[in-house]
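Summary of structural features
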Amino acid sequence: MVGGAVVLAALVWLGFVGFQESKAYYITVNEYATMHNQLQGKTVKVAGDVVQGSIDRGKIPMEFVISSQGQELRVRYVGKDVVPDTFKDGSQALVEGVVSQAGVFQASHIEAKCASKYEAEYAKKTK
Amino acid sequence: MSEFGNFCLLLALVLTLYALFASLLGAWRKQHRIVRSAERAVMAACGSITLATGSMLYLLITSDFSVSQVWEATSHALPIFYKIAALWGAHNGSLLLWVFITSIFTGVVVYQNRFRYRDMMPYVIAVLMVNLAFFLSLNLFLSNPFNHVVQVGADGSMLGAPAEGRGLNPLLQYWAMVIHPPILYLGFIGFVVPFAFAMAALISRQLGDAWIRTTRRWTLLTWLFLGTGLILGAKWAYVVLGWGGYWGWDPVENSSLMPWLVGTAFLHSVIIQERKGMLKVWNMILVIMCYLLGVFGTFITRSGVVSSVHAFADSSLGKYFLLYIGTIAVCGLFLIIDRLPYLKSDRQLDSVLSRESAFLFNNMMLVVACFAVLWGTMFPVLSEWLQGNKITVGPPFFNRINIPIGLLLLLLTGVGPLFAWRKTSIESLKKAFFLPGVFAIATLAVLLAAGMRNFYTLMCLTLAVFVTVTIFEEFYKAARIRAKSNGENFLIALTRLTLKNKRRYGGYVVHFGIVLIFVGLSGNAFNQEASQTMAPGDTMKIGDYALKLTDYREADTPNYVYGVTYLDAYKDGKFLRTMKPEKRFYKTSEGQSTTEVSIRSTPKEDLYTVFNGLTDDGRYEIKAHVNPLVFWVWFGAAIMVFGALITLLPDRGGAFATPQVSMNLSVPMEESVKEQ
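Residues numbered from 1 in each chain as written. Chains lettered and ligands numbered in written order. Predicted model: local features only at pLDDT ≥ 70, side-chain atom pairs only at ≥ 80, totals over all residues.

**A look at the interface of chain A and chain B**
Going by this rule: Once C-beta atoms have been placed from the backbone, residue pairs whose C-beta atoms lie within 7 Å are recorded as contacts. Secondary structure follows DSSP: runs of H or I at least 4 residues long count as helices, runs of E at least 2 residues long count as strands, and numbering of each begins at the N terminus. Polar here means any residue outside two lists: the nonpolar Ala, Val, Leu, Ile, Met, Phe, Trp, Tyr, Cys and Pro, and the charged Asp, Glu, Lys and Arg; Gly therefore counts as polar. Between any two strands, at least two bridges found by DSSP are needed for them to pair.
Counting residues at the interface gives 32 residues for chain A, matched by 46 residues for chain B. Listing elements by their share of the side of chain A that touches chain B, those giving two or more residues are helix H1 (2–22), strand S1 (24–28), strand S7 (109–113) and helix H3 (115–125) of chain A. When residues in the side of chain A that touches chain B are grouped by element, the largest group, nine residues, is from H1(A). The class makeup of the residues in the side of chain A that touches chain B is 13 nonpolar, seven polar and twelve charged. Bridging between S1(A) and strand S1 (residues 390–392) of chain B involves three bridges; their strand directions are antiparallel. Opposite A:Tyr26, over in S1(B), you have B:Lys390 as the bridge partner.

**Observations regarding the packing of helix H5 (residues 91–112) of chain B against helix H7 (residues 175–190) of chain B**
All names here are of chain B. Selection criterion: Each axis is a line fitted through C-alpha atoms, and for a helix only the stretch in contact is used; angles between axes span 0 to 180 degrees, taken between their N-to-C directions. Angle categories are assigned with fixed cut-offs, so that under 35 degrees is roughly parallel, over 145 is roughly antiparallel, 65 to 115 is roughly perpendicular, and the rest are oblique. Each crossing gets its handedness from the near helix: less than a right angle anticlockwise from the far helix is left-handed, clockwise is right-handed.
Direction vectors running N to C along H5 and H7 enclose 50°, while the axes themselves pass 10 Å from each other. Viewed along their axes, H5 and H7 adopt a mutual orientation that is oblique. Between H5 and H7 lies a crossing of right-handed hand. Residues Ser94, Leu97, Trp98, Ile101, Thr102 and Phe105 of H5 lie in contact with H7, whose contacting residues are Pro181, Pro182, Tyr185, Leu186, Ile189 and Gly190. In terms of residue class, the contact of H5 with H7 is built from nine nonpolar, three polar and no charged.

**Observations concerning helix H1 (residues 2–29) of chain B**
Stated precisely, the cut-off is as follows: In this analysis, the expected span of each helix is defined as 1.5 Å times one less than the number of residues it contains.
Given a rise of 1.5 Å per residue, 28 residues ought to cover 40 Å, and the 40 Å separating the end C-alpha atoms of H1(B) matches this to within 8%. Positioned one or two residues after H1(B), B:Lys30 has a phi angle of 55°, which is positive.

**Topic: the pairing of strand S3 (residues 539–542) of chain B**
Residues and elements named next belong to chain B. Here S3 pairs with strand S4 (residues 545–556) via four bridges, running antiparallel. Paired with Met540 across the strands is Leu547, a residue of S4. In this structure, the hairpin formed by S3 and S4 is closed by a connection of two residues, where Gly543 is found at a positive phi of approximately 55°.

**Focus: the environment of B:Gln387**
All names here are of chain B. So the rule is basically this: Partly exposed residues are those whose C-beta has more than 12 but fewer than 20 other C-beta atoms within 10 Å; with 20 or more the residue is buried, with 12 or fewer it is exposed, and the C-beta atoms are placed from the backbone.
The residue Gln387 is located in helix H13 (residues 355–387) in this model. Classification of Gln387 by C-beta neighbours within 10 Å gives exposed; the count is 9. For the pair Gln387 and Gly414, spaced 27 residues apart in the sequence, the C-alpha separation amounts to 44 Å.

**Let's talk about the pairing of strand S10 (residues 605–614) of chain B**
Residue and element names in this part refer to chain B. In terms of residue burial, S10 counts as a mostly covered element, since seven of its ten residues are buried. In terms of strand pairing, strand S9 (residues 598–601) meets S10 through four bridges, oriented antiparallel. Paired with Arg600 across the bridge in S10 is Leu607. Hairpin connection from S9 to S10: three residues lie between these consecutive antiparallel strands. Here S10 runs beside strand S11 (residues 620–628); their pairing, made up of nine bridges, is antiparallel. Within S11, the position partnered with Gly613 by the bridge is Glu621. Remark: five residues form the turn of the hairpin made by S10 and S11, two consecutive strands paired antiparallel; Gly618 in that turn has positive phi of roughly 75°.

**Let's talk about helix H6 (residues 121–142) of chain B**
In this model, H6(B) (22 residues) spans 31 Å end to end at C-alpha, consistent with the 32 Å of a helix rising 1.5 Å per residue. Burial analysis of H6(B) places 16 of its 22 residues in the buried class, the great majority of the element.

**Details of unusual backbone geometry**
Residue and element names in this part refer to chain B. The phi torsion at Arg205 lies on the positive side, around 55°, for a residue other than glycine. Within the secondary structure, Arg205 is located in the loop between helix H8 (192–203) and helix H9 (210–241). Residue class for Arg205 comes out exposed when judged on the 12 C-beta atoms lying within 10 Å of it.

**Focus on the nonpolar core**
Residue and element names in this part refer to chain B. What counts is decided by this rule: To count as a nonpolar core, a set of buried Ala, Val, Leu, Ile, Met, Phe, Trp, Tyr and Cys residues must be joined through C-beta atoms within 7 Å.
By size, the foremost hydrophobic cluster in this structure holds 229 residues, and its most contacted members are Phe195 and Val262. Examining the composition of this core, we find that 17 residues originate from one element, H9, more than from any other. Ignoring anything within four residues of it in the chain, the contact list for Phe195 reads Val287, Ile288, Cys290 and Tyr291.

**Some words on the domain arrangement of chain B**
By convention, interface size is frequently given as the accessible area that disappears when the constituent parts associate. Residue and element names in this part refer to chain B. Rule in force here: The source of the domain bounds is an automatic or database domain assignment.
Domain annotation for chain B reports domain 1 (1–150 + 162–173), domain 2 (202–404) and domain 3 (525–631). Taking the mean C-alpha position of each, domain 1 and domain 2 sit 25 Å from one another. Tallying the contact residues gives eleven residues for domain 1 and 13 residues for domain 2. If you list the elements that add at least two residues to the side of domain 1 that touches domain 2, you get H5 and H6. Tallying contributions element by element places H6 first for the side of domain 1 that touches domain 2, with four residues.

**Some words on the confidence of the model for chain B**
Residue and element names in this part refer to chain B. Under the convention used in this document: Along the chain, pLDDT gives the predictor's confidence residue by residue, from 0 to 100.
A residue-level look at chain B finds 93% of positions with pLDDT of 70 or above and a mean pLDDT of 87. The low-confidence segment residues 309–313, where pLDDT is below 50, has 17 contacts with residues more than four positions distant or belonging to other chains. Contacts from residues 653–676, a stretch scored under 50 in pLDDT, to residues over four places away or in other chains number 21 contacts. Reported for the predicted complex are a pTM of 0.89 and an ipTM of 0.81.

Next up, the structure:
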């Protein structure tokens, strides 16, 4: 019993440490626009659609713009992982990074998906 | 054809509701004839759903793009193999596959048990019908793959069916991905069978272990499918997604891991109930959790509640799933509480140093691991409800909790079999621990001497050796005794021993597979990666390897165009082979690209290369990883499947799922081995 409690307590502690280490606020680009002063130094994941034609692979590191509800955010990808195949014009992207004063958001990680765009269009076309 | 499919689904729903009603009526009136008619309705519903699935396959193969599923997930150029796989290539069709598999499981269960368990079966049928009716209704009314697609012109006029489909998501065009969803579905759905029997046992107050024995093979088979599905998904992520890893704690991955963890707990704790008559309430709770986590897994994948690379897009199904899960959970708990007097333990725990307590601890750890994964997966949703901020947690959270739990479980895998049932004397423990202990300490010493300082890796490899020795010792000791007493050859004795007690020794083989998977996972701490933008003739270095870019070619296929780089791989200056990582651009699917990695796998490490595309100045972006020990993950998984298949082998002359009590006969022998 005591042993079990010790193990559980240790796991809860580890969970807490891991949580602090990896927690990130999940916000959209327009929320970022209004909140980024409060979020200085915090890790965030910003969601938005990749603006058509904004992906600039000529620049190293690569830059692009994501938007939601009229607000735009310029992102520079400084991460090490390969950019996912689903990342392209119009796809929904989720960029992760630490908020700083700089005008360009430094993303260390990118996730992207395009499936929902299919579905949205599909819904329009379905009788 | 699509109208026919729709009609079949509707007919199946009517039959399902009839079977639900008739089975309950038959149980209430104690009229077996009525239950019989319910059984026939179940069979007819299965047939009807099979026809609906068949008509969908026909539509897919003949490329009828007026049907939404066909338009969404196929194109003319798609090879026929993938046209069939497109059945689960988009949301609605995959739900049809789900319903189809559910109906097959249901039909088999009802057929198998048509002469048995007269008191319980009507309720089993009723529970299975509730499950089937729920998914069938979703499929028919909210998420129908037979929906029509029409193009609407700019002026709002109808233009008729599209001439070309959108094509199967290229990321899904890979063999493991083709078989991964059906196998995973088999795993998710299969828990409905033990769940239905458990509920029926509660309702009919038949709370012996008949329900557990009858569903033992179902549980094992389901667990096996789920595990295989997980591994195939990991393989897909490794080979197709191109980020160099195979597990990212993605919500969808998590949602299939959770029922597997609880299923593993259930597989172990039912042994305690069968042999000792303990943990009856706990088993009921576990089986409800297994089933609901399976449903919850589809909920996560389909509701869009948690964002994930894998998830289907947002759909309106979420609230129905939550309602269903909530209702089942409340009903299940109510039944358990109401029947508590029937669920009393026959015995108490005798000693901490017993196999029972090792099993109990194993159960606790597995459920805690599942809870941690659930917590991390749902945290964004929970924090948004409670605080208004959506907060996500990343892999460090999951790793920090689950690595120690995994190591504890690994320890238990080794220690459990060394403990005797009820109580173990210190003397016998000393004997049992001696050999594995010596090997483990020797391993630790060697690793430390070799300069390894990573705590978790040291623990993992030490424990792996410890467990491996205990497993081999178990086999060796028992086979030697048998060989001596029967005068058999050692190998024959070993085989016969295993076949005679498939559950025990098959289980050990599974454990060995798990040990190897852990060895594979421990390699993660030493992954290396490098990337470089290269011109032909350039060389990049990673670890002991050198990669020289020698050539680049482009080519065209009906489905996609591709560019492939040729990289000569050298290790310590010696030529190994030419790696050919590739980038594909699909002609449909809005020009979606995929990355075809090139991997050289050895038991020691994988060399993993990715061609990431051309830069604007005509050079090639190459990324390389060196991932130690990954081979053992796949190899261990194969061993695990092999072991599970041993436990599933039919007993002599027995049909599939025939309840077997024979395992109890082996108790004396097992105990005698222990006492040695």
